[in-house]
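A look at the structure
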Amino acid sequence: MSSNDEIIKTENLTKVFGSGKKAIKAVDDVSISIKKKEVISLVGQSGSGKTTLARMLLRLLKPTAGKIIFEGQDVTNIEGKEKKAYWRKVQAIFQDPYASFNIFSPVKKVLLDAFKLFDNKFTKEEKWRMVCESLEAVNFRPDEVADKFPFELSGGQRQRVMIARAHLIKPELLIADEPTSMIDANLRSGILELLLDLRDTEGTTIMFVTHDLGLAYYVSERLLIMHEGKIVEEGEADKIISEPDHPYTKQLIADVPKLSEEWLLE
Amino acid sequence: MEESRKIMLKVDGLRAYYKTRSGERIRAVDNISFNLMEGEILGIAGESGCGKSTLAMAMSGLFLPPLTYESGSVFLDGENIIGKKEEELRKKILGRKYSYIPQSAMNALNPTLKIKNFVIDLLKEHDPRMSKKKVLDLTTERFESLSLPPWVIDLYPLELSGGMKQRVVIAVSTLMNPKVVVADEPTSALDVTSQKIVIKLIKELFDEGIVKSVIFITHELPILRHVCDRIAVMYAGEFVEIGETEGIIFNPIHPYSQALMQSILVPEVGIKGKKLPSLPGSPPDLRKPIKGCRFADRCYLAIEDCRKRTIGMVEFDSRKVRCIRVDHIKAKEEVVPHVQQ
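What you see is a predicted model; the values in this text were computed from it and never measured.

1. Digging into the overall build of chain B
Counting its secondary structure elements, chain B contains 10 helices and 12 strands. Against the 2.2 N^0.38 benchmark of 20 Å for 341 residues, chain B shows a C-alpha radius of gyration of 21 Å, consistent with a compact globule. In terms of overall dimensions, chain B has a C-alpha envelope of 65 × 50 × 45 Å along the principal axes. Put simply, 65% of the contacts in chain B that link residues at least 6 apart link residues at least 24 apart.

As C-alpha cells, this is what we get:
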C-alpha cells in the first residue's frame, strides 16, 4: 500500500499501566495501518485494550512506547497548538453520549463550542448557519433541539447530536467507541447510517471500536481483532468471519450466539 | 403446547403502574396474561423501557413504591401470590418458589462480606434453624454440582470477575430450589465468552431439575433462539406476540416483532447486504391512556381501524398476535421491510 492511501498508522505502540510487579500491558506492541476513507472495526472483549488503543490514537492518553504517524507526521508527542490542530482532524464519538455533554449546556452551545477548534474566524451568522446544517444532516429540526438540554433528549438523540458535532468539525478520522451499545436495536440502523453517510459525503475515515462482532462485520470493510493488548488477526471482514485463522478469533466467533447455527453444544 | 403439563405460573390480566409524585400513573405493565408450564423456558424480548423488568418485579407479588398493583392475578404453583403480606412473601415465596435474578446482579452481592457470610445471612433470613455448617455444606455442594470452584465462597465479591459474580449470584439465588426463576438480562454486562458460560449455568440448573421453569428477559434475541421454548415480544407494556421460538424468530408476524427480528446483527456470512429496519418515532407516552394499537404510529401497515379500539390477541397455530392486520400480513408471503426514515 502506498503511503498516500494511509491516514494513520502506529508503530509498536505500547501502553503500560502501573509499574513494577503490578504493571499491566494494556496495549502491547501494536502496529496497525488505516487507509483513507476506510471503515474499519477494532473488535475485542472487555479488557482487551481496545479503548486504550483508541484513546492513544485520539491523543487523550500518552503511549509508553511506540509511535503514532498521522498523514506522514509523527504526532506521538505533539502538544498545544499542534494537538488542537490534530483534534480538528481526529474526532471521537463515545459510548455514553450523556457523559460527553456538559449537562448545563443546551445543544446549541455544545455545537458552537466546537468552533474553538477552528482557526478561522466565523461570524455569528456563519456559525449558526453551519450548526443548523449539521443538525439537519442528522435529521433534526434545528429550532426544535437547539435550546434543549442533554437530559431532555433520548439516548439516540444525544448520539445524533454527537454525530452532528462530528459533521460540523468534519474530521478526517472519526473514532466511534461503542456508538450504539446504549441504543435500542431499532434505532441503531439510523445511527450507523448517519455515520456511514459521513464517509460517503465528506470522505471521513471511520474506526469503530466495539465488542459486537455482528455489528463490526455489518459495517466494516476490514476488522482488527484485539486480544490481551495485541492485534491477533486483521483482514477483510468477510474473510475473517468465514475463515478465521487465529484460535482466539475462532473462539470469539464460536461464542457469539447466531441464528442459523447451534450454539450451546459441547 | 402439551396441555398435560402442569401450569407453573399463571399470570392473568396483570397490571402494574408506577405512581409519580405528581399523581400521574405510568402504565408500565398493562394487561399481561400468559401461562408458564412446568419444564418450560419462556423468553421475553423487548427494548429498553417496554416494561419487561417491571413485569418481572410485578410477578413476584412484591410491589415496592413507586410501583403499585392495579389489577390481575399471579398464580404460582396454584397459589395466588398477589395481596400476600410482604413478610410472608419474603419468607415463603421469594427465593423458595420464585427467584428473581436482577439485572444488576453485579451489585447484588455485599462488597464487605465474603460470599459464605453473605450466603449464611441470606439463608438465616429464610430458615433461622439452619446451622452455619449446614448452609456451607449446601452451598459447597451446589457450587460443585454447577462446576463452580467451591473455594470461591471464601472470597470477597471484588476478587471475582464479572462473569464469576453473575454465576455466584445465580447459584446463590437458586440454593432453595425455587420452582420458577426469572433472569433479567443476566448477560447484558458480560462479554460473549462469559455470556455463554452464564447461559450454560442456567440451562444446567434447569436440566438437572433444580428449577422447574425459567423466564429469560433480554433484548438479545440470538440468545433466546438457543435457550427458549417460547418467546413473548413486549412493546409499551403489552405482549404483542407470543409463540414458539422458531416461529417468532424466523417468521414474526406482528410488525414490531418483524422490525425487532430484522435488526438482529450476527456475524454470519450474508448479513452484510441486509438492510436494517429503522422505525420512525418513539414508543408512546405511557402516562396517557392509549386508544387502539400502541404501535400504530410507527407501523407501516397501520390503518384507521388500528387506532379506534383496544386491540386484542388474535390466536392461531399456537401463536398469539396483537394485531388486526394479521390476515393481511399472512396473505403476503415475504416479510415487508420497514421503510427507512
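2. Focus on the overall build of chain A
Regarding its fold elements, chain A presents 10 helices and 11 strands. Taken over the C-alpha trace, chain A has a radius of gyration of 19 Å; the compact-globule value for 266 residues is 18 Å, and the two agree within 12%. Each principal axis of the C-alpha atoms in chain A carries an extent, and together these give about 60 × 45 × 40 Å. Burial statistics for chain A: of 266 residues in total, 42% are counted as buried. Sequence separation of 24 or more characterises 67% of the internal contacts of chain A that already satisfy a separation of 6 or more.

3. Thoughts on the pairing of strand E10 (residues 238-244) of chain B
All names here are of chain B. Among the seven residues in E10, six count as buried, and that is most of the element. As paired elements, strand E9 (residues 230-235) and E10 share six bridges and run antiparallel to each other. Residue pairing for E10: Tyr235 is matched across the bridge by Glu238. Between E9 and E10, which pair antiparallel in sequence order, lie two residues; one of them, Ala236, sits at a positive phi of approximately 50°. Relative to strand E12 (residues 319-321), E10 runs antiparallel, the two being bridged by two bridges. Looking at E12, one finds that Glu241 is bridged to Val321.

4. Focus on the nonpolar core
Core analysis: the largest hydrophobic core is formed by 160 residues, its most contacted members being A:Ile175, A:Ala176, A:Met207, B:Val182, B:Phe216 and B:Val233. Apart from the residues within four sequence positions on either side, B:Phe216 is in contact with B:Ile41, B:Gly43, B:Ile44, B:Ala183, B:Leu224, B:Val227 and B:Cys228.

5. Overview of the interface of chain A and chain B
Counting from both sides, the interface comprises 27 residues of chain A and, opposite them, 32 residues of chain B. Taken together, the elements giving at least two residues each to the side of chain A that touches chain B come down to helix H7 (185-202), helix H8 (213-219), helix H9 (237-242) and helix H10 (247-255) of chain A. Residues that form the side of chain A that touches chain B fall into these classes: 13 nonpolar, 10 polar and four charged.

6. Comments concerning the environment of B:Glu86
All names here are of chain B. Within the secondary structure, Glu86 is located in helix H2 (residues 86-93). Given 12 C-beta atoms within 10 Å, Glu86 falls into the exposed group. Measuring from C-alpha to C-alpha, the distance between Glu86 and Ile199 comes to 31 Å, with 113 residues separating the pair along the chain.

7. Observations regarding the sheet that holds E10(B)
The strands that make up a sheet are held in pairs by hydrogen bonds between backbone atoms, and each pair lies either parallel or antiparallel. All names here are of chain B. On the basis of which strands lie adjacent, the open sheet formed by eight strands has the order E6-E7-E8-E3-E9-E10-E12-E11 and mixed pairing. Strand pairing shows two members of the sheet lacking a second neighbour, strand E6 (98-101) and strand E11 (314-316), which therefore form its edges. Strand-to-strand twist in this sheet, taken as the mean axis angle between neighbours without regard to direction, amounts to 20°. Packing of helix H9 (residues 255-262) onto the sheet brings it into contact with strand E3 (41-45), E9 and E10, and relative to E9 it is tilted by some 105°.

8. Overview of the packing of helix H4 (residues 124-137) of chain A against helix H6 (residues 155-169) of chain A
Packed helix pairs are specified by the crossing angle of their axes together with the interaxial distance, meaning the distance between the axes. Residues and elements named next belong to chain A. Running from N to C, H4 and H6 cross one another at 130°; their axes reach a closest spacing of 8 Å. What the angle tells us is that H4 and H6 run oblique. The interaxial crossing formed by H4 with H6 has right-handed handedness. Only Ala164, His167 and Leu168 of H6 make contact with H4, whose side of the interface consists of Met130, Val131, Ser134, Leu135 and Ala137. By residue class, the composition of the contact of H4 with H6 is six nonpolar, two polar and no charged.

9. Here's the deal with the sheet that holds strand E5 (residues 79-80) of chain B
Residue and element names in this part refer to chain B. On the basis of which strands lie adjacent, the open sheet formed by four strands has the order E2-E1-E4-E5 and antiparallel pairing. At either margin of the open sheet sits one strand with a lone partner, and together these are strand E2 (25-37) and E5. Helix-sheet contacts for helix H1 (residues 52-59) involve strand E1 (7-19), E2 and strand E4 (67-76), and the interaxial angle to E2 is about 65°.

10. With respect to the packing of helix H3 (residues 115-126) of chain B against helix H4 (residues 132-145) of chain B
Residues and elements named next belong to chain B. For the pair H3 and H4, interaxial distance at closest approach is 10 Å and the crossing angle is 115°. As H3 packs across H4, the resulting crossing turns out to be right-handed. Contact with H3, carried on its side by Lys116, Val119, Ile120 and Leu123, involves Lys132, Val135, Leu136 and Thr139 of H4 and no other residues of that element. Residues of the contact of H3 with H4, tallied by class, amount to five nonpolar, one polar and two charged.

11. Some thoughts on the confidence of the model for chain B
All names here are of chain B. Across chain B, pLDDT averages 87, with 95% of residues at or above 70. Ranking the elements of chain B by mean pLDDT puts helix H10 (residues 326-331) last, at 84, and E9 first, at 96. Scored as a whole, the predicted complex attains pTM 0.85, and scored at its interfaces, ipTM 0.78.

12. Notes on the environment of B:Arg25
All names here are of chain B. Position of Arg25 relative to the elements: it lies in strand E2. Along the primary structure Arg25 and Gly49 are separated by 24 residues, whereas in three dimensions their C-alpha atoms are 15 Å apart. Setting aside residues no more than four positions away along its own chain, Arg25 makes contact with Tyr17 and Lys19.

13. A look at unusual backbone geometry
In this chain, B:Pro65 is followed by B:Pro66 through a cis amide linkage whose omega measures 5°. Counting through the fold element by element, B:Pro66 comes out in the loop between H1 and E4. Despite not being glycine, A:Arg59 has its phi angle at roughly 60°, a positive value. If you trace the backbone, A:Arg59 turns up in the loop between helix H1 (50-57) and strand E5 (65-70). With a phi close to 45°, B:Glu185 is a non-glycine residue in the positive phi region. Inspection of the secondary structure assignment puts B:Glu185 in the loop between strand E7 (180-184) and helix H6 (192-207).

Cut-offs applied
- Residues numbered from 1 in each chain as written.
- Chains lettered and ligands numbered in written order.
- Predicted model: local features only at pLDDT ≥ 70, side-chain atom pairs only at ≥ 80, totals over all residues.
- Helix = DSSP H or I, 4+ residues; strand = E, 2+ residues; numbered from the N terminus.
- Rg over C-alpha atoms; globule rule 2.2 N^0.38 Å.
- Contact = placed C-beta atoms within 7 Å.
- Buried ≥ 20, exposed ≤ 12 C-beta atoms within 10 Å, placed from the backbone.
- Pairing = 2+ DSSP bridges.
- Core = buried A, V, L, I, M, F, W, Y, C linked by C-beta atoms within 7 Å.
- Nonpolar A, V, L, I, M, F, W, Y, C, P; charged D, E, K, R; others polar.
- Axes fitted to C-alpha atoms, helices over the stretch in contact; angles between N-to-C directions.
- Parallel < 35°, antiparallel > 145°, perpendicular 65-115°, else oblique.
- Left-handed = near helix turned anticlockwise from the far one by under 90°.
- pLDDT = per-residue confidence, 0-100.

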